[in-house]
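# Residue-level structural notes
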Amino acid sequence: MTHVSKGIVFVLAGILFLLLSFILPLPTPLWAVILSASIILNCIGTAFLIRFIQKSDQKGKELE
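Residues numbered from 1 in each chain as written. Predicted model: local features only at pLDDT ≥ 70, side-chain atom pairs only at ≥ 80, totals over all residues. Heavy atoms only, no water.

## As for the overall build of the protein
- Helices and strands together make up the secondary structure of the protein, namely two helices and zero strands.
- By the compact-globule yardstick of 11 Å for 64 residues, the protein is too spread out, its C-alpha radius of gyration being 16 Å.
- Seen along its three principal axes, the alpha-carbon backbone of the protein occupies a region of about 55 × 15 × 15 Å.
- A buried classification covers 12% of the 64 residues belonging to the protein.
- Long-range contacts, defined as pairs at least 24 residues apart, comprise 76% of the intrachain contacts of the protein with a sequence gap of at least 6. (Helix = DSSP H or I, 4+ residues; strand = E, 2+ residues; numbered from the N terminus. Rg over C-alpha atoms; globule rule 2.2 N^0.38 Å. Buried < 20%, exposed > 50% of the residue type's maximum accessible area, 1.4 Å probe, protein only. Contact = heavy atoms within 4.5 Å.)

Put into structure tokens, the structure is as follows:
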């Protein structure tokens, strides 16, 4: 799996948890866990996507 695929999977999972936290009527502790998981997954996914962008930018500069 490339950085792009991992990043997209993590971001989509984070969005799914975010939507679940809005849709389902959950007790507060469980809601907090799901919301925290959403934030963490989105941050990890964003980090993978940023790594991909930085690597592709470095390859572009090497070609110049």
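Now that the structure is up, let's keep going.
## Quick word on the packing of aromatic side chains
- Per the stated rule, a full pass over the model turns up one aromatic pair.
- Pairing F10 with F48 gives two aromatic rings, centres 5.7 Å apart and planes at 15 degrees, and the pair type is stacked. One end of the pair, F10, is in helix α1 (residues 3-23); the other, F48, is in helix α2 (residues 28-63), and 38 residues separate them in sequence. (Phe/Tyr/Trp six-rings, centres within 6.5 Å; stacked < 30°, edge-to-face > 60°.)

## A closer look at the environment of A13
- Relative to the helices and strands, A13 is located in helix α1.
- Judged by relative accessible area, which is 24%, A13 ranks as partly exposed.
- Considered as a pair, A13 and S38 are 25 residues apart in the sequence and their alpha carbons are 7.3 Å apart.

## A short note on the side chain of S38
- Turning to its location among the elements, S38 is positioned in helix α2.
- Of the residues examined, S38 reaches a relative accessible area of 2% and is grouped as buried.
- Residues in contact with S38, not counting those within four places in the same chain, are G14, F17 and L18.

## Topic: a nonpolar patch on the surface
- On the surface, I8, L12, I15, L19, F22, I23 and L24 cluster together to form a nonpolar patch covering roughly 700 Å² of accessible area.
- The topology assignment puts I15 in helix α1. (Patch = residues over 30% accessible without salt bridge, like charges linked within 9 Å, V, L, I, M, F, W, Y side chains within 5 Å. Areas by Shrake-Rupley, 256 points an atom, 1.4 Å probe, with all protein chains shown as cover. Salt bridge = Lys/Arg side-chain N within 4 Å of Asp/Glu carboxyl O.)

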